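What the coordinates show
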Amino acid sequence: MSKSAVKKIQAIRGMNDLLPADSPRWQFFEAKVRTLMLRYGFNEIRTPIVEQTALFARSIGEVTDIVEKEMYTFDDRNDESLTLRPEGTASCVRAAMEHGLLYNQTQRLWYQGPMFRYERPQKGRYRQFHQIGVETFGFDGPDIDAEVILLSARLWEELGLMEHVTLELNSLGSSEARAAYRDTLVAYFEQHHELLDEDSKRRLTSNPLRILDSKNPAMAEMLDAAPQLMDHLDDESREHFEQLTTMLEAAGINYVINPRLVRGLDYYCRTVFEWTTTALGSQGTVCAGGRYDGLVEQLGGKPTPAVGFAMGIERLILLLETLELIPADALGGCDVYLLPMDDNATTAAITLAEQLRNELPELRLQLHCGGGSFKSRIKKADKSNAPMAILLGEDEVTTQSATLKFLRDDREQQRVPQAALSQTLRGLLTTNA
């Protein structure tokens, strides 16, 4: 078979490469998150991307769309059913239980990494997508609910997103109150059965609360008139929610109560919340979470209160790009391009590059490699987007000096002794910062 006849292998649909031009945007966002987690006292946990299928079936719920339609599930060579994780909470709970992190102690954990769901790829939503999540265990009061919401709010403030997002709140109450409400809701939907779309009719017997989350405009009026869970809360859940809203108001956090906010996973109870935006066109969720006090017990552990959230990195990067909120200096590139003017200066250039890296640890220095004519070397220096280049030729090597050439400013180049080069660069970079 000829080489031209060999079929090229491409990435799987909905699973995308992150190219070098895109990586700095992600690094900027991830650095913001990592710093914020440290400031709030959260510790990172990293779990495998493959788990036993039973973990997600038992935690997410057998009759959810995720388990029924979207999971990447396969049998390994031992005929054990395994699944690429579709979300991070269940894996985090499994790891915390397995390693004794929940025994007579509280935990504030966070994670980041890829998740996998088989669904129709679209802008900002992919089959391999990435999430950052927060999970807390052992706190049963509304103060931790407020804390995780305030953490997310501070992230929006630091990214410049606060005026572009809206906090939506609801309470799902206790499991007993929700079961009673479910009966009331099913009775209401059965009275309006002819208005339900096929998806809602299927959910009527399996997960009727999810019908409230429908975006079908033909059902909007009927859903708006549906009984509200907030009117069926138990007293303890109502008090919990009132205390939470009082704390958020005291902290200056605006919110709206959305009675149709139910979240798609079975393990939620009491507080649920979403941060939504209209900056990407139709209203979209950029962060969602809530309380899931029954999940640890559901997976075989002791009853443990828990609350957390997850945010999709792809959608948030898209939001930051759309609003042009990623600073130019976070988009990669280098500070200096060190260019030996001919091959005879290459060894001296390598030595000088390492010297500068030793003396200026924060300096982003790219060394020209690969030879070529002087003209082609200058073109590569310009393509690096560095504001300046260091030229090293025969005269510079002999006199232990270097020539600074400014690539973005209309300034005369200058000769600098190599012994003073670090100090000169530090001053120039500080001035340009």
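Notes on the structure follow.

Running from amino to carboxyl end, helix α5 (residues 142-159) crosses helix α9 (residues 235-250) at an angle of 40 degrees, the nearest separation of the two axes being 9 Å. Considered as vectors, α5 and α9 are oriented oblique to each other. Read as a crossing pair, α5 and α9 show a hand that is right-handed. Mapping the contact onto sequence places Pro142, Asp143, Asp145, Ala146 and Ile149 in α5 and His240, Gln243, Leu244, Met247 and Leu248 in α9. Here the contact of α5 with α9 is built from residues that sort into six nonpolar, two polar and two charged.

With that settled, the discussion passes to the environment of Arg46. Looking at the secondary structure, you find Arg46 in the loop between β1 (43-44) and β2 (50-52). Residue classification places Arg46 among the exposed positions, given a relative accessible area of 67%. Separated by 66 residues in sequence, Arg46 and Gln112 place their C-alpha atoms 7.5 Å apart. A polar side-chain atom of Arg46 sits 3.1 Å from a polar atom in the side chain of Glu44.

All right, on to the pattern of salt bridges then. Side chains that differ in sign of charge can pair as their charged atoms come close. Throughout the structure, instances matching the rule amount to 18 salt bridges. Arg270 is the partner of Glu236 in a salt bridge, and the nearest nitrogen-oxygen pair spans 3.1 Å. You can see Glu236 sitting in helix α9 and its partner Arg270 sitting in strand β9 (residues 269-277), a full 34 residues away along the chain. Ionic pairing is found between Asp343 and Arg377, a salt bridge with its closest N-O pair at 2.7 Å. Taken together, the residues span a long stretch of sequence, with Asp343 in the loop between β12 (336-340) and α12 (346-359) and Arg377 in helix α13 (residues 374-383) at a distance of 34 residues. Owing to a relative accessible area of 2%, Arg377 belongs among the buried residues under this scheme.

Burial runs high along strand β5 (residues 107-116): seven of the ten residues are buried. By the bridge criterion, two bridges tie β1 to β5 in an arrangement that is parallel. When the sheet's bridge partners are listed, Asn43 is paired in β5 with Leu109. As judged from the ten bridges shared by β5 and strand β6 (residues 128-137), these two strands associate in the antiparallel manner. Across the sheet, residue Trp110 finds its bridge partner in β6, namely Val134.

Let's shift gears to α13. Along α13, the residues that are buried comprise Arg377, Ile378 and Ala381. All buried residues of α13 lie within an arc of 100 degrees about the axis, which places them on one face of the element. Opposite the buried face of α13, at more than 90 degrees from it, the exposed residues are Lys375, Lys379 and Lys383. Looking one or two residues past α13, Asn385 carries a phi angle of roughly 70 degrees, positive in sign.

A few words now on the sheet that holds β2. One open sheet accounts for three strands, arranged β2-β4-β3; its pairing is antiparallel. Both outer strands of the open sheet, β2 and β3 (72-75), are each paired with one neighbouring strand and no more. In this sheet, adjacent strand axes meet at a mean angle of 35 degrees when their direction is disregarded. Pairing of β3 with strand β4 (residues 81-84), which is carried by four bridges, proceeds in the antiparallel orientation. Note that in β4 the partner of Phe74 across the bridge is Leu82. Each of β2, β3 and β4 touches helix α2 (residues 53-60); the most contacted strand, β2, lies at about 75 degrees to it.

Right, let's get into the sheet that holds β12. A sheet is described by the order of its strands in space; here five strands give the open sequence β13-β12-β14-β15-β16, paired in mixed fashion. Strands with a single pairing partner mark the edges of an open sheet, and in this sheet they are β13 (365-367) and β16 (414-417). Ignoring which end each strand starts from, the neighbouring axes of this sheet average 30 degrees apart. Note: β12 against β13, three bridges, orientation parallel. By the bridge assignment for β13, Leu338 is matched with Leu367.

What follows covers the nonpolar core. By size, the foremost hydrophobic cluster in this structure holds 65 residues, and its most contacted members are Phe29, Ile149, Trp156, Phe189, Trp275 and Met311. In terms of residue count, the dominant contributor to this core is α5 (nine residues). Not counting residues within four places of it along the chain, the set of residues in contact with Phe29 comprises Ile132, Leu155, Leu159, Met311, Ile313, Leu316, Ile317 and Leu320. Of all hydrophobic cores here, the second largest spans 22 residues; its members include Leu55, Ala95, Leu102 and Val296.

Definitions and limits used
- Residues numbered from 1 in each chain as written.
- Predicted model: local features only at pLDDT ≥ 70, side-chain atom pairs only at ≥ 80, totals over all residues.
- Heavy atoms only, no water.
- Axes fitted to C-alpha atoms, helices over the stretch in contact; angles between N-to-C directions.
- Helix = DSSP H or I, 4+ residues; strand = E, 2+ residues; numbered from the N terminus.
- Parallel < 35°, antiparallel > 145°, perpendicular 65-115°, else oblique.
- Left-handed = near helix turned anticlockwise from the far one by under 90°.
- Contact = heavy atoms within 4.5 Å.
- Nonpolar A, V, L, I, M, F, W, Y, C, P; charged D, E, K, R; others polar.
- Buried < 20%, exposed > 50% of the residue type's maximum accessible area, 1.4 Å probe, protein only.
- Polar contact = N/O pair within 3.5 Å; in protein donor to acceptor, adjacent residues only side chain to side chain.
- Salt bridge = Lys/Arg side-chain N within 4 Å of Asp/Glu carboxyl O.
- Pairing = 2+ DSSP bridges.
- Arc of directions from axis to C-beta.
- Core = buried A, V, L, I, M, F, W, Y, C linked by side-chain atoms within 4.5 Å.

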